[in-house]
Amino acid sequence: MSGIDVDDYSDVWVFVEQHEGRAERVSWELLAEGRRLADAKGEQLVALVIGEDCRGVAEEAIARGADRVLLADDPVFEPYRADPYGEQFRALVADRKPDVVLIGGTHTGRDFAGRVAVPVHAGLTADCTELDVDDEGLLLARRPTFGGDAMATIKCVNHRPQMATVRAGVFDPAELDPDRDGEIEPVEVVVDESMTKSRVLERVVGDVTDITDADVVVAGGAGTEGNFGPIQDLADALGGEVAATRAAVDEGWVEPARQVGQTGKTVRPTLYVAAGISGAIQHLEGMNGSDVVVAVNTDPNAPIFDLADYGIVDDLFEVVPELIEAFGGETPEV
Ligand code: FAD
């Protein structure tokens, strides 16, 4: 037993991740889901915003469904470092005793969630793809397990808070309602520069393309046989991002950050073009929330056509250049 009284804990908290005043989209996705869980539990939805000069993000959190925002605003939090974030978050959790804490499964979220969970002896389920509450108000945190072969539902019965990091792109973001009212509470900042062990000496930005943010995704599979030129050109013509199946990533044709599916990223673009992709269930899981799906495949029986809004049964090396031309791009050599 944990020795804590679980009845002392209440409310659903969502960590609203922001960098330089710009919130990560996953935060708004979690606010929508947090709102649903808080309503099911009959509790408040509280957003936690940490950063410097980020009152605008706090106001947006109210407009997107939070009842209250806890705002820790101080230069020590900019740029992000795990130790001040983790310590501030830990202190608030210990003081306010939230029942459920949701954090985006971003680099930042994954980096500091453990720093909160371990010292307060919380249960932390990582990389969840579904959330719910049971009849007793316990969080049901669902996530793929055994390499994606099964789904596990994890309950945290004896420890609090019930914490989860949640995969980006799984839920729709909360809508903006500028007329919503809520309270923004500036909280005491419990860390200062002298307490932090890390220093940021230099920031080096590499190719950190995030396909989960893209409005248009053009994905290629094994049918490309490694020639992603037309896929890239179509993505360029449409102002989108290139993505791939695991088969293509395993071959080394595309970097792993662009893999869509159960063991890759979840995307929900307005337009998803799938070229030379069979439509395996593990791939569909990462893109079946797309608004419009266009599939190009030589096999009329490919399962991708069951999901596609528009299906073209033909050779992608014939079709994709025509699409590029139609959208005003340069016709590639194939
Ligand atoms: P294939 O299934 O080989 O399909 C290639 C398609 O291209 C075929 O339909 C063929 O008709 C078509 N084609 C061939 N030539 C042409 C041409 N010239 N023009 C047009 N079409 C052509 N997969 C993922 O994508 N993402 C995941 O996250 C993922 N996770 C997995 C997790 C587990 C636990 C397991 C077991 C599997 C996972 N997979 C995942 C793999 C998945 O099961 C499939 O093997 C994979 O998605 C197949 O990729 P593909 O469609 O590119 O290849």
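In case you missed it, the structure is sitting above this.
Remember, it's a predicted structure, so these values are computed and weren't measured experimentally.

1. Things to note about the site of the ligand
Here comes step 1: Around the ligand lies a shell of 27 residues, among which Ala222, Thr245, Thr263, Ser278 and Asn297 are the nearest.
Here comes step 2: In the environment of the ligand, an oxygen atom lies 3.0 Å from a nitrogen or oxygen atom belonging to the backbone of glutamine 262.
Here comes step 3: The separation between a nitrogen atom of the ligand and a polar side-chain atom of aspartate 315 is 3.0 Å.
Here comes step 4: When the ligand is considered free in solution it has 990 Å² of accessible area, and contact with the protein chains removes 75% of it.
Here comes step 5: Assessed atom by atom at 2 Å from the grid points, the ligand resides in the second largest pocket.
Here comes step 6: For the shell around the ligand, the class distribution of residues is seven nonpolar, 15 polar and five charged.

2. Digging into the layout of surface pockets
Here comes step 1: Roughly 260 Å³ of volume is contained in the second largest pocket.
Here comes step 2: Lining the second largest pocket are 21 residues, and of these Thr245, Arg246, Ala247, Ala280 and His283 lie nearest its centre.
Here comes step 3: For the lining of the second largest pocket, the secondary structure elements donating two or more residues are helix 6 (246-250) and helix 7 (281-284).
Here comes step 4: Residues of the lining of the second largest pocket, tallied by class, amount to five nonpolar, 14 polar and two charged.

3. Structural notes on the sheet that holds strand 9 (residues 139-145)
Two modes of strand pairing occur in sheets, parallel and antiparallel, and in both the strands are linked by backbone hydrogen bonds.
Here comes step 1: The three strands lie next to each other as 8-9-10, forming an open sheet whose pairing is antiparallel. If you trace the sheet from one side to the other, it starts and ends with strand 8 (130-133) and strand 10 (150-154), each paired once. Adjacent strand axes in the sheet meet at a mean angle of 25° when their direction is disregarded.
Here comes step 2: Relative to strand 10, strand 9 runs antiparallel, the two being bridged by five bridges. In the sheet register, alanine 141 faces strand 10, and the bridge partner there is isoleucine 154.
Here comes step 3: Contacting strand 8 and strand 9, helix 1 (residues 25-41) runs over the sheet at an angle of about 15° to strand 8.

Parameters at a glance
- Residues numbered from 1 in each chain as written.
- Predicted model: local features only at pLDDT ≥ 70, side-chain atom pairs only at ≥ 80, totals over all residues.
- Heavy atoms only, no water.
- Near = heavy atom within 4 Å.
- Polar contact = N/O pair within 3.5 Å; in protein donor to acceptor, adjacent residues only side chain to side chain.
- Areas by Shrake-Rupley, 256 points an atom, 1.4 Å probe, with all protein chains shown as cover.
- 1 Å grid on protein atoms, 1.4 Å probe; cavity = no way out; pocket = protein on both sides within 12 Å on 5 of 7 lines; lining within 4 Å.
- Sits in = over half its atoms within 2 Å of the grid points.
- Nonpolar A, V, L, I, M, F, W, Y, C, P; charged D, E, K, R; others polar.
- Points joined across faces, edges and corners; volume = space filled by probe spheres on them.
- Helix = DSSP H or I, 4+ residues; strand = E, 2+ residues; numbered from the N terminus.
- Pairing = 2+ DSSP bridges.
- Axes fitted to C-alpha atoms, helices over the stretch in contact; angles between N-to-C directions.
- Contact = heavy atoms within 4.5 Å.

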